[in-house]
Amino acid sequence: MTAYAAVAGYGAEETALSQDLLARFVAGTADPRTLGAWGREHAPQGTPKPPVRESLLRTWAGA
């Protein structure tokens, strides 16, 4: 599975949410397969806009 992290050009909130989610993966309190499943299902739609990405990150991180 390919995992992506926030890079330059992403907002502070999205970057923080991404880092929180990655920390949860490391701690074993979040499952990266959730992202993989979402990606397979939504790939044809392309990358979501920033507000949608932030919402997804919040959901995946359990925030």
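The structure under discussion appears in the preceding block.
So, a few notes on the structure that sits alongside this text. (Residues numbered from 1 in each chain as written. Predicted model: local features only at pLDDT ≥ 70, side-chain atom pairs only at ≥ 80, totals over all residues. Heavy atoms only, no water.)

## Quick word on the nonpolar core
Move 1: One finds Leu17, Leu21, Phe25, Ala30, Leu56, Leu57, Trp60 and Ala61 forming the largest nonpolar core, which totals eight residues.
Move 2: Going through the elements one at a time, helix H1 (12–27) and helix H3 (50–61) are the ones with two or more residues in this core.
Move 3: The dominant element in this core, judged by the number of residues it contributes, is H3, at four residues.
Move 4: Excluding residues that lie within four positions of it along the chain, tryptophan 60 makes contacts with Leu21, Arg24, Ala30, Thr34, Leu35 and Trp38. (Core = buried A, V, L, I, M, F, W, Y, C linked by side-chain atoms within 4.5 Å. Buried < 20%, exposed > 50% of the residue type's maximum accessible area, 1.4 Å probe, protein only. Helix = DSSP H or I, 4+ residues; strand = E, 2+ residues; numbered from the N terminus. Contact = heavy atoms within 4.5 Å.)

## Notes on the packing of aromatic side chains
Move 1: In this structure the tally under the stated criterion is one aromatic pair.
Move 2: Centroid distance tryptophan 38 to tryptophan 60: 5.8 Å. Interplanar angle 75°. Geometry classified as edge-to-face. Of this pair, tryptophan 38 sits in helix H2 (residues 33–42) while tryptophan 60 sits in helix H3; the two residues are 22 residues apart in sequence, bridging distant segments of the chain. (Phe/Tyr/Trp six-rings, centres within 6.5 Å; stacked < 30°, edge-to-face > 60°.)

## A short note on the pattern of salt bridges
Move 1: Summed over the entire model, instances satisfying the criterion amount to four salt bridges.
Move 2: The closest approach of N and O atoms between arginine 53 and glutamate 14, which form a salt bridge, is 2.5 Å. Taken together, the positions of arginine 53 in helix H3 and glutamate 14 in helix H1 put the pair 39 residues apart, joining distant regions of the chain.
Move 3: Exposure remark for arginine 53: the relative accessible area of 19% places this residue in the buried category. (Salt bridge = Lys/Arg side-chain N within 4 Å of Asp/Glu carboxyl O.)

The analysis is restricted to geometry; functional conclusions fall outside its scope.
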